[in-house]
Amino acid sequence: MANTAFVPNNSVTTAILDNGGAGFIPEIWSDEVIAAYKSNLVLANLVTKFDHTGRKGDTIHVPKFTRGAANAKVATDAVTLQAPTTSQVTISIDNHFEYSVMIEDIASVQGLETYRTAYTDDAGFALAKLVDQKLFRAAMNLNGGDGGDNDGAAGTGGSTGDFGNDGGAAPAGCVIGSDGETSFDASADNAASLTDVGIRTMIQNLDDNDVPLTERFMVIPPVEKKTLLGLPRYTEQAFVGDAGASNAIRSGMVGDIYGVQIYVSTNCPLDTDGAQDARMGLLAHRSALVHAEQLGIRTQTQYMQQYLADLFTADTLFGVAEYRDEAGIPFAVPA
């Protein structure tokens, strides 16, 4: 008589695979986390991207050229050689963030498939939020700004990159939304909602600085979406077809005005120095900021017998920096 004691049946096999096994295959985790991460990025999808994946070193030096000028050619004379001045932008790869969770065996055995999906979505969202917050922090150096307070920088406190936890100053280059040129002063509580004049003034600022007309964008906090929907110029120009609706779902884009695409982000920094809180928005060109990624979203799982659980970790390593100061303008609106 054959010994069937060690022949696994379907129920036993399923239990073995579920018990910290098939439900936590790293490839599945990775694909789902990356998908969630990309779908929740807003600002990182709009700026200049440097792929530093697989390369060594913790610093990237990027040349920054000044514009040249065309010269008249005089017959029989030699051509006029350009003598551009070149500086460089240093990007430090110094942001390493992780999302980890311990998943007990009982949860992996009894839990539904949506259990894993919940963690992958949350990991992707959390990491995307940190990347965007760091970019917003760098954006506060644009237009001659100084970055404001550092106490609430993303990842070190202040879930939205709060500038005002210690009563310090807001970014020096920040203007108010209503006119696009008056400096924001938190102590005076002069943050003001966007107006058509304010938007056109900031656009003119970019025009005067020879910033390319294409690939411009505006990122606003959710509170300003209501304001824009009340501006006739915005509602006249907003996309209502597939492009607008689809992009709003995928990337946060809600329309455009004067050729500038508009996105909504909950990561817009907060300033709490005044009696009334203010939020920072950004009008910029793609060249204003750079995002260098040395380690894309990586997921790892390890079974830890002492806990009878799987340790799941997702992490990323990147750097951000201001690239062209004149290519972006931060602005303040009421929170």
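First, a word on what this report is: a plain description of the structure on this page. Quick caveat, the model's predicted, so the values are computed rather than measured.

Rules used in this analysis
Residues numbered from 1 in each chain as written. Predicted model: local features only at pLDDT ≥ 70, side-chain atom pairs only at ≥ 80, totals over all residues. Heavy atoms only, no water. Helix = DSSP H or I, 4+ residues; strand = E, 2+ residues; numbered from the N terminus. Buried < 20%, exposed > 50% of the residue type's maximum accessible area, 1.4 Å probe, protein only. Contact = heavy atoms within 4.5 Å. Areas by Shrake-Rupley, 256 points an atom, 1.4 Å probe, with all protein chains shown as cover. Pairing = 2+ DSSP bridges. Axes fitted to C-alpha atoms, helices over the stretch in contact; angles between N-to-C directions. Salt bridge = Lys/Arg side-chain N within 4 Å of Asp/Glu carboxyl O. Expected span 1.5 Å × (residues − 1). Polar contact = N/O pair within 3.5 Å; in protein donor to acceptor, adjacent residues only side chain to side chain.

**Some details on the overall build of the protein**
Then step 1. Each helix and strand in the protein was counted, giving eight helices and 13 strands.
Then step 2. For the protein, with 335 residues in total, the buried portion stands at 44%.
Then step 3. Here the analysis covers contacts within the protein between residues at least 6 apart in sequence; of these, 73% occur between residues at least 24 apart.
Then step 4. When the accessible surface of the protein is split by element, carbon and sulfur atoms take 54% of a total near 16,900 Å².

**Observations regarding the sheet that holds strand E12 (residues 309-322)**
Then step 1. Pairing within the open sheet is mixed, and its four strands lie in the order E1-E11-E12-E4. For this open sheet the edge positions go to strand E1 (48-51) and strand E4 (95-104), each flanked by a neighbour on one side alone. Within the sheet, the average angular offset between the axes of one strand and its neighbour, ignoring direction, is 25°.
Then step 2. As judged from the 13 bridges shared by strand E11 (residues 289-304) and E12, these two strands associate in the antiparallel manner. By the bridge assignment, Thr301 is partnered in E12 with Phe312.

**A few points about the pattern of salt bridges**
Then step 1. What the rule picks out here adds up to five salt bridges.
Then step 2. We note a salt bridge from Arg216 to Asp207, for which the minimum N-O separation is 2.7 Å.

**Things to note about helix H5 (residues 196-208)**
Then step 1. In this model H5 runs 18 Å from its N-terminal to its C-terminal C-alpha over 13 residues, within 8% of the 18 Å that 1.5 Å per residue would give.
Then step 2. Of all the residues in H5, the buried ones are Asp196, Gly198, Ile199, Met202, Ile203 and Leu206.
Then step 3. Following H5 by one or two positions, Asp210 has its phi on the positive side, about 60°.

**Some thoughts on the side chain of Thr313**
Then step 1. Looking at the element boundaries, Thr313 is found in strand E12.
Then step 2. At 2.8 Å, the side chain of Thr313 forms a polar contact with the side chain of Ser100.
Then step 3. Once residues lying within four places of it in the same chain are set aside, the contact partners of Thr313 are Glu98, Tyr99, Ser100, Arg298, Thr299 and Gln300.

**Notes on the environment of Gly57**
Then step 1. Topologically, Gly57 is positioned in the loop between E1 and strand E2 (59-65).
Then step 2. On the basis of relative accessible area, Gly57 is assigned to the partly exposed category, the value being 44%.
Then step 3. Along the backbone, Gly57 and Ile93 are 36 residues apart, and their C-alpha atoms lie at a distance of 8.2 Å.
Then step 4. With sequence-adjacent residues up to four places away left out, Gly57 is seen in contact with His52 and Gln294.

**Thoughts on the pairing of strand E10 (residues 278-285)**
Then step 1. When you tally the buried positions in E10, you get eight out of eight residues, the bulk of the element.
Then step 2. The pairing of strand E6 (residues 216-220) with E10 spans four bridges and is antiparallel. Among the inter-strand pairings, Arg216 is bridged to a residue of E10, identified as His285.
Then step 3. Pairing between strand E9 (residues 270-271) and E10: two bridges, direction antiparallel. Each residue of the ladder has a partner; that of Leu270, found in E10, is Arg279.

**Comments concerning the pairing of E6**
A regular strand places its side chains on the two faces of the sheet in alternate fashion.
Then step 1. Counting buried residues in E6 gives five out of five residues, a clear majority hidden from the surface.
Then step 2. Alternating residues of E6 divide into Arg216, Met218 and Ile220 and Phe217 and Val219, and every residue in both groups is buried.
Then step 3. Where E6 meets strand E8 (residues 260-264), four bridges bridge the pair, whose relative direction is parallel. Paired with Ile220 across the two strands is Val264, which belongs to E8.

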